[in-house]
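The primary structure of each chain is shown beneath.
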Amino acid sequence: MAGCLGPALLLLLLRSASAGENRCVDAAEACTADARCQRLRTEYVARCLGRTAPRSCPRARCHRALRRFFARGPPALTHALLFCPCAGPACAERRRQTFVPACAFYGPGAAPPSCLEPLDACAQSRVCRPRLLAFQASCAPVPSAPDGCLRDQGPRCLRAYAGLVGTAVTPNYVDNASARVAPWCDCRASGNRREECEAFRGLFTRNQCLDGAIQSFDSRWSGVLQVQLDPHRDPGHNLLQVSSAAGPLEGSSLLSIFLVLALQPLL
C-alpha cells in the first residue's frame, strides 16, 4: 500500500507507530509535505501574524483564513494538527499554539471578557450562529454512553468543534498540561445572565462527549487517515464522514449533515 500513499499521509502513518514521537510535530511535518495543507496553513499564519497597529492583529482576516484552512484542507491533516494526542507539555504547547492564538484566540486585554460578549456576537453572525448550533447538536453528551458519545458521534463532534475555529466563539486548549478546551472568556461579570453564561461555557468545559472525542482521537489516528487515503471515496465524504465505521444515519447525524451543508456558502 505504501506506493499508493501521498508523502504527507505516509509520513503520519509511519510516525504514528512510534509512541515516543511528538505527534504534533509529526502532524505539522505531514501538513508541510502536502501542497494544499501547506498552502492554506501558510495563508492563515501570514494573516494571523500580520500587524495593523501595535498590540493588534487583523483578526477578521485571520479568522477567515482559519475557516478556509479547516474547510478546504485535507481533514486527515487538519484534524491531526488540531487534535494531535500529547503525553507531555512540549507537545501540548505546540498543539495549543496551532492557530496563532495571540491573534485568533486571545483578546486585546490581559483579562478575558464575559462569555456573554462572544456569545452575543455569535448570535448575530451568519457565520458563527449555525456553526455553534452544529456544535451543540453534534457534541450533545449522552449520559448512558460510556464516554458520553453515541456510536460514531465523536468524529462528528470534532468536526463541529473545528468549525468553530475562526468564529466569535473560537475555542482553544486552556493550558499545556491537559486537553481541556474553552473560549477565551469567563462568567465573572455576567450579572443577571450568569446562568446563561455558565451554560454556554459548559458546552466546552463540562462536556463529556467533547472531552472523550478529543481523548480518543489517538485511537482513531490511523482510521482517520485511511479515509483520506481511499482513492475511491466520495468527494463529499471528507466533509461529512470522517469515521471509518459504517451504519445507517440516525436523526442527530442527519441534523449535523444539514447544518454542515448549510455552512458551505459562508466559508
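These numbers come from a predicted model, not from an experiment. (Residues numbered from 1 in each chain as written. Predicted model: local features only at pLDDT ≥ 70, side-chain atom pairs only at ≥ 80, totals over all residues. Heavy atoms only, no water.)

Q: Go over unusual backbone geometry with me, naming the residues and quoting the values.
A: One non-glycine residue with positive phi stands out, namely V100, at about 50 degrees. The topology assignment puts V100 in the loop between α6 (89-96) and α7 (101-104). Owing to a relative accessible area of 13%, V100 belongs among the buried residues under this scheme. (Helix = DSSP H or I, 4+ residues; strand = E, 2+ residues; numbered from the N terminus. Buried < 20%, exposed > 50% of the residue type's maximum accessible area, 1.4 Å probe, protein only.)

Q: Give me the side chain of E43: which residues, what numbers.
A: One can find E43 in helix α3 (residues 35-49). Among the residues examined, E43 registers a relative accessible area of 18% and is labelled buried. Sequence-distant contacts of E43, that is, excluding residues within four places in its chain, are made with A65 and R68. (Contact = heavy atoms within 4.5 Å.)

Q: Please provide a residue-by-residue account of the pattern of salt bridges, values included.
A: Oppositely charged side chains are able to pair whenever their charged atoms sit close together. The full count for this structure, using the stated rule, is seven salt bridges. Across the pair R180 and D175 runs a salt bridge, and its minimum N-O distance is 2.6 Å. The closest approach of N and O atoms between R188 and D186, which form a salt bridge, is 2.6 Å. According to the relative accessible area criterion, R188 is exposed, its value standing at 65%. (Salt bridge = Lys/Arg side-chain N within 4 Å of Asp/Glu carboxyl O.)

Q: Lay out the state of the cysteines in plain terms, naming residues and giving numbers.
A: In this structure the tally under the stated criterion is 10 disulfides. Note on cysteine connectivity: C122 is disulfide-linked to C128, with sulfurs 2.0 Å apart. Its S-S torsion of approximately -95 degrees makes the covalent link between C122 and C128 left-handed. In this pair, the class of C122 matches that of C128, namely buried. Residue pairing for C139: its cysteine sulfur links by disulfide to C157, the two sulfurs lying 2.0 Å apart. Every disulfide takes its handedness from the sign of the S-S torsion; for C139 and C157 that torsion is 110 degrees, giving right-handed. In this pair, C139 is assigned in the loop between α9 (128-138) and α10 (153-164) and C157 in helix α10, connecting sequence segments 18 residues apart. (Disulfide = S-S within 2.5 Å.)

Q: Tell me about helix α8 (residues 116-123), and please be specific about residues and values.
A: Taken together, the buried positions of α8 are L116, P118, L119 and C122. With its buried residues spanning 165 degrees around the axis, α8 presents them on a single face. Packed against the buried residues of α8 are α9 and α11 (194-205). (Arc of directions from axis to C-beta.)

Q: Tell me about the environment of V142, and name the residues and values.
A: By the element assignment, V142 lies in the loop between α9 and α10. Each C-alpha atom of the pair V142 and Q208 lies 8.3 Å from the other, and the pair is 66 residues apart in sequence. Contacts of V142, omitting those with residues within four sequence positions, involve G148, L150 and Q153.

Q: Quick rundown of the nonpolar core? Include the residues and the values.
A: One finds L66 and F135 to be the most contacted residues of the largest nonpolar core, which totals 54 residues. For this core, the element with the highest residue contribution is α10, accounting for six residues. In this view, L66 contacts Y44, C48, F99, A104, V165 and G166; residues no more than four positions away in its chain are not counted. (Core = buried A, V, L, I, M, F, W, Y, C linked by side-chain atoms within 4.5 Å.)

Q: Account for the environment of R188, naming residues and giving values.
A: For R188, the position within the fold is in the loop between β2 (181-183) and α11. Along the backbone, R188 and S114 are 74 residues apart, and their C-alpha atoms lie at a distance of 6.7 Å. Filtering out sequence-adjacent residues up to four positions away, R188 remains in contact with P112 and R194. A polar side-chain atom of R188 sits 2.6 Å from a polar atom in the side chain of D186. (Polar contact = N/O pair within 3.5 Å; in protein donor to acceptor, adjacent residues only side chain to side chain.)

Remember, this is a structural readout, not a statement about activity or role.
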